[in-house]
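Coordinates in review
Each chain, letter by letter, is given below.
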Amino acid sequence: MRLALDPVIGWTLSLALALLLGGAAAHKLRDLARFRSALAGYRVLPAPLLPLAALLVIGSELVAATLLLFVDTRPGGAALTAGLLVAYALALATNLLRGRTRLDCGCLPFGRSDRIAWWMVGRNVALIALAGLAALPSSLRELAAIDLLTIGGTVSSAALLYAASARLGASSLERGAS
């Protein structure tokens, strides 16, 4: 028996992840120099590779977001999404294990040396699991109008919850630092 998602779940996961990645890429493109600086702060790549790595990260985010928008390319987009999130989680965990908690994570406006924390690694692990689900095939059930409303409402709610949780996490770290 082959596992298949309801198409509402498949579309909701895919669109939410595409929105997350597209927003992340746009954020980085608005200030490429600062993104390169944030990337350098992680100290996981040699300096000569940073300009190319920055472009590869942004390009990969845009490609993954685009692939997630089409049923036929969704599994590839989900795999690329998971790969990016694994890399982000590893970079965070590496710095946390080094005791380096004060750096520009690239998650918030650039130029802020916010604290990174293990909850950020956990968030990425949860997103990796969602990308894994998005890679599953969807059933052939036709979408109804109410399904489209459900997808739109759920993606909007997920985006707001993600933004709120990121802000709450940053606020708790700021309070803990003072």
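Residues numbered from 1 in each chain as written. Predicted model: local features only at pLDDT ≥ 70, side-chain atom pairs only at ≥ 80, totals over all residues. Heavy atoms only, no water.

1. Things to note about the overall build of the protein
Looking only at helices and strands, the protein has six helices and zero strands in total. Shown N-terminal to C-terminal, the secondary structure of the protein runs as helices and strands in the order α-α-α-α-α-α. Taking all 178 residues of the protein together, the buried fraction comes to 36%. For the protein, the accessible area works out to roughly 9,700 Å², and carbon and sulfur atoms hold 71% of it. (Helix = DSSP H or I, 4+ residues; strand = E, 2+ residues; numbered from the N terminus. Buried < 20%, exposed > 50% of the residue type's maximum accessible area, 1.4 Å probe, protein only. Areas by Shrake-Rupley, 256 points an atom, 1.4 Å probe, with all protein chains shown as cover.)

2. Considering the pattern of salt bridges
A full pass over the atoms with the stated rule returns four salt bridges. The partner of Asp 31 in a salt bridge is Arg 34, and the shortest N-O contact between them spans 3.9 Å. For Asp 31, a relative accessible area of 29% gives the class partly exposed. Given the relative accessible area of 44%, Arg 34 is considered partly exposed. (Salt bridge = Lys/Arg side-chain N within 4 Å of Asp/Glu carboxyl O.)

3. Description of the packing of helix 2 (residues 32–41) against helix 3 (residues 50–68)
Between helix 2 and helix 3, the least distance of the axes is 10 Å, while the angle of their chain directions is 110°. As the angle between them shows, helix 2 and helix 3 are arranged roughly perpendicular. When helix 2 is examined against helix 3, the residues Leu 32, Phe 35, Arg 36, Leu 39 and Ala 40 are found in contact with a partner set consisting of Leu 50, Pro 51, Ala 53, Ala 54, Leu 55, Val 57 and Ile 58. (Axes fitted to C-alpha atoms, helices over the stretch in contact; angles between N-to-C directions. Parallel < 35°, antiparallel > 145°, perpendicular 65-115°, else oblique. Contact = heavy atoms within 4.5 Å.)

4. Details of helix 2
Among the residues of helix 2, those classed as buried are Phe 35, Ala 38 and Leu 39. Take helix 2 and look down its axis: the buried residues cluster within an arc of 100°, on one side only. Immediately beyond the C-terminal end of helix 2, within one or two residues, lies Arg 43, with a positive phi of roughly 55°. (Arc of directions from axis to C-beta.)

5. Section: the nonpolar core
Residues Leu 17, Leu 21, Leu 68 and Ala 134 are the most contacted members of the largest nonpolar core, which totals 15 residues. Looking at this core, the elements that each hand over two or more residues are helix 1 (7–30), helix 3, helix 4 (74–97) and helix 5 (118–134). With sequence-adjacent residues up to four places away left out, Leu 21 is seen in contact with Glu 61, Ala 64, Ala 65, Leu 68, Thr 81 and Leu 84. One finds Ala 91, Leu 96, Leu 103 and Val 121 within the second-largest nonpolar core, a separate group that totals eleven residues. (Core = buried A, V, L, I, M, F, W, Y, C linked by side-chain atoms within 4.5 Å.)

6. Details of unusual backbone geometry
Non-glycine residue Arg 43 carries a positive phi angle of around 55°. Relative to the helices and strands, Arg 43 is located in the loop between helix 2 and helix 3. Using a relative accessible area of 56% as the deciding quantity, one classes Arg 43 as exposed.

7. Quick word on the packing of aromatic side chains
Enumeration over the complete set of coordinates arrives at zero aromatic pairs. The ring of Trp 11 is capped by Arg 74, whose NZ or CZ atom sits 4.4 Å from the centre of that ring. (Phe/Tyr/Trp six-rings, centres within 6.5 Å; stacked < 30°, edge-to-face > 60°. Lys NZ or Arg CZ within 6 Å of the ring centre and 35° of its normal.)

8. Overview of the side chain of Asp 147
Turning to its location among the elements, Asp 147 is positioned in helix 6 (residues 145–177). For Asp 147, the contacting residues outside a window of four places in its chain are Val 8, Arg 141 and Glu 142.

9. With respect to the side chain of Ser 14
Counting through the fold element by element, Ser 14 comes out in helix 1. Contacts of Ser 14, omitting those with residues within four sequence positions, involve Leu 68, Arg 74 and Ala 134.

10. A short note on the packing of helix 4 against helix 5
Where helix 4 meets helix 5, the closest approach of the two axes is 9 Å, and the angle between their N-to-C directions is 165°. When the interaxial angle is binned, helix 4 and helix 5 end up roughly antiparallel. Like other packed secondary-structure pairs, helix 4 and helix 5 cross with a definite hand, here left-handed. Across the interface between the two elements, Arg 74, Ala 78, Thr 81, Ala 82, Leu 85, Val 86, Tyr 88, Ala 89, Leu 92, Ala 93, Leu 96 and Leu 97 of helix 4 pack against Trp 118, Met 120, Val 121, Asn 124, Leu 127, Ile 128, Ala 131 and Ala 134 of helix 5. Among the residues forming the contact of helix 4 with helix 5, the class breakdown is 17 nonpolar, two polar and one charged. (Left-handed = near helix turned anticlockwise from the far one by under 90°. Nonpolar A, V, L, I, M, F, W, Y, C, P; charged D, E, K, R; others polar.)

Take it as geometry only, folks, not as evidence of what the structure does.
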